[in-house]
Amino acid sequence: MTLLSLNQISKSFGGIHALQDVSFDLNKGDIVGLVGDNGAGKSTLIKILAGAHDPSSGQVILEGQAQTLSPPANAQGLGIETVYQDLSMIGAFTAAENFFLGRELALGRGPALFRLIRRKTMLDTAVSGLEELHIDIPGVRSKPVERMSGGQRQLVAIARGAFWGSKMLLLDEPTAALGVRESKEVLNLITRLSARGLTIVMVTHNLEHLWSVCNRVVVMRRGRKAADMPSASTNMEDVVAYITGAKEGLQGRALELTS
Ligand SMILES: Nc1ncnc2c1ncn2[C@@H]1O[C@H](COP(=O)(O)OP(=O)(O)OP(=O)(O)O)[C@@H](O)[C@H]1O
Ligand SMILES: [Mg+2]
């Protein structure tokens, strides 16, 4: 089932064409690996899906309806959450506090006792959210995230995204700074989330990680979609060839034919 379609999305910054005529469909439960060289347009594409950028042209269709995803609160309201590389967490706060960061509405106003009770509810909600995903971090109730390992922090950030994002989770380099064991835990979590029906788009430079979880690979090159293939029907060599331009992309070829 198609969850979201991008139709001929372009994005320019002044004279720079960061994205040109990018179209693809995301199906429910897809784990799409988004790859490409530096400057290929991966982050720009993620930011369009996250509502952080407005496309210069093109259309986004979510569950059959044209939608404006920006500003980010709009995308979030539609069930799309993003985990950026910096994780957007406050180090001195606990996992639970970070879960509710920027959602202070949930905390509310009112008498101190009221807020205290809500705080307790928030803590319990966040901790059971982590437990439900089998994320086991010693001392998670009281430990500030800055005292967690990089892998644990990434798990908390992804769990927070999954907690609020009912439909789609966008991950920018979720394993970039992690060791082998930590990466494995993060990749396992990504697989578990997709099994629950969450659609995941993951930017990665690590093709092994891509192959271990993604059912599809989308290659970006110079702002265009160079390839879009089921990962089962391609291989790393092919993907690298599309990344470097040794193999021509779909749109590149179409352009040549028309020019
Ligand atoms: N806010 C911006 N203002 C101007 N140019 C931008 C902006 N954001 C991105 N670009 C340009 O758009 C192009 C695509 O950038 P983007 O960040 O999407 O690439 P990327 O594939 O994420 O690269 P990397 O692997 O280095 O993160 C680049 O030429 C970049 O310089
Ligand atoms: Mg980037």
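We now turn to the structure provided with this report. Small disclaimer: the values here were computed from a predicted structure and weren't measured.

Overview of unusual backbone geometry
- Of note, the amide linkage connecting Ser 70 to Pro 71 takes the cis form, showing an omega dihedral of -5 degrees.
- Its place among the elements puts Pro 71 in the loop between strand S5 (65-66) and helix H2 (72-77).
- Despite not being glycine, Glu 63 shows a phi value in the positive range, around 45 degrees.
- Along the chain, the position of Glu 63 falls in the loop between strand S4 (57-62) and S5.

A short note on the site of ligand 1
- Ligand 1 sits among Phe 13, Ile 16, Ala 18, Gly 36, Asn 38, Gly 39, Ala 40, Gly 41, Lys 42, Ser 43 and Thr 44.
- Among the elements of the structure, strand S2 (16-27) and helix H1 (42-50) are those that each provide at least two residues to the shell around ligand 1.
- If you tally residues by element for the shell around ligand 1, the top one is H1, at 3 residues.
- Grouping the constituent residues of the shell around ligand 1 by class yields 4 nonpolar, 6 polar and 1 charged.

Some words on the packing of helix H5 (residues 150-164) against helix H6 (residues 180-195)
- Close contact between H5 and H6 brings their axes to 9 Å; oriented N to C, the two are set at 10 degrees. By the angle class used here, H5 and H6 are roughly parallel. Judged by the twist between their axes, the crossing of H5 over H6 is right-handed. Between H5, through Gly 150, Gly 151, Gln 154, Leu 155, Ile 158 and Ala 162, and H6, the contact on the second element is made entirely by Glu 182, Glu 185, Val 186, Leu 189 and Leu 193.
- Residues that form the contact of H5 with H6 fall into these classes: 6 nonpolar, 3 polar and 2 charged.

A look at the sheet that holds S2
- Strand order in the open sheet formed by 4 strands is S2-S1-S4-S5, with antiparallel pairing between adjacent strands. Where the open sheet ends on each side, the last strands, each with one partner, are S2 and S5.
- Relative to S5, S4 runs antiparallel, the two being bridged by 2 bridges. Each bridged residue has a counterpart across the sheet, and for Leu 62 the counterpart in S5 is Gln 65.
- Taken strand by strand, H1 contacts strand S1 (2-13) and S2, and its axis lies near 60 degrees from that of S2.

Description of helix H4 (residues 112-132)
- An ideal rise of 1.5 Å per residue puts 30 Å on 21 residues; H4 measures up with 30 Å between its terminal C-alpha atoms.
- Across the 21 residues of H4, 2 count as buried, placing the element largely on the outside.
- The first or second residue beyond H4 is His 134, which carries a positive phi of 55 degrees.

Some words on the nonpolar core
- Ranked by size, the top nonpolar core spans 68 residues in total, and within it Met 202 and Val 219 carry the most contacts.
- Sort the elements by how many residues they give to this core and H5 lands first, with 6 residues.
- When near neighbours in sequence (up to four residues on either side) are disregarded, Met 202 contacts Ile 31, Val 32, Gly 33, Leu 34, Leu 171, Pro 174, Ile 190 and Cys 214.

Some thoughts on the pairing of strand S9 (residues 216-221)
- With 6 of 6 residues buried, S9 lies mostly within the body of the structure.
- Bridge count between strand S3 (residues 31-36) and S9: 5 bridges; the pairing is parallel. Its bridge partner being in S9, Val 35 is matched across the sheet by Val 219.
- Where S9 meets strand S10 (residues 224-230), 6 bridges bridge the pair, whose relative direction is antiparallel. Bridge pairing in S10 links Val 219 to Ala 227.

Focus: the sheet that holds strand S7 (residues 168-172)
- Sheet architecture is open: 6 strands sit in the order S6-S7-S8-S3-S9-S10, paired in mixed fashion. Edge positions in the open sheet fall to strand S6 (80-83) and S10, since each of these has one partner strand only. Neighbour-to-neighbour, the strand axes of this sheet turn through a mean angle of 15 degrees, independent of strand direction.
- Against the sheet, H5 makes contact with S6 and S7, and its axis sits at roughly 170 degrees relative to S6, the strand it touches most.

With respect to H1
- Burial runs high along H1: 9 of the 9 residues are buried.
- For H1, every residue scored as buried is listed here: Lys 42, Ser 43, Thr 44, Leu 45, Ile 46, Lys 47, Ile 48, Leu 49 and Ala 50.
- After H1 finishes, the residue Gly 51 shows a positive phi value of roughly 85 degrees.

What counts as what
- Residues numbered from 1 in each chain as written.
- Chains lettered and ligands numbered in written order.
- Predicted model: local features only at pLDDT ≥ 70, side-chain atom pairs only at ≥ 80, totals over all residues.
- Helix = DSSP H or I, 4+ residues; strand = E, 2+ residues; numbered from the N terminus.
- Near = placed C-beta within 6 Å.
- Nonpolar A, V, L, I, M, F, W, Y, C, P; charged D, E, K, R; others polar.
- Axes fitted to C-alpha atoms, helices over the stretch in contact; angles between N-to-C directions.
- Parallel < 35°, antiparallel > 145°, perpendicular 65-115°, else oblique.
- Left-handed = near helix turned anticlockwise from the far one by under 90°.
- Contact = placed C-beta atoms within 7 Å.
- Pairing = 2+ DSSP bridges.
- Expected span 1.5 Å × (residues − 1).
- Buried ≥ 20, exposed ≤ 12 C-beta atoms within 10 Å, placed from the backbone.
- Core = buried A, V, L, I, M, F, W, Y, C linked by C-beta atoms within 7 Å.

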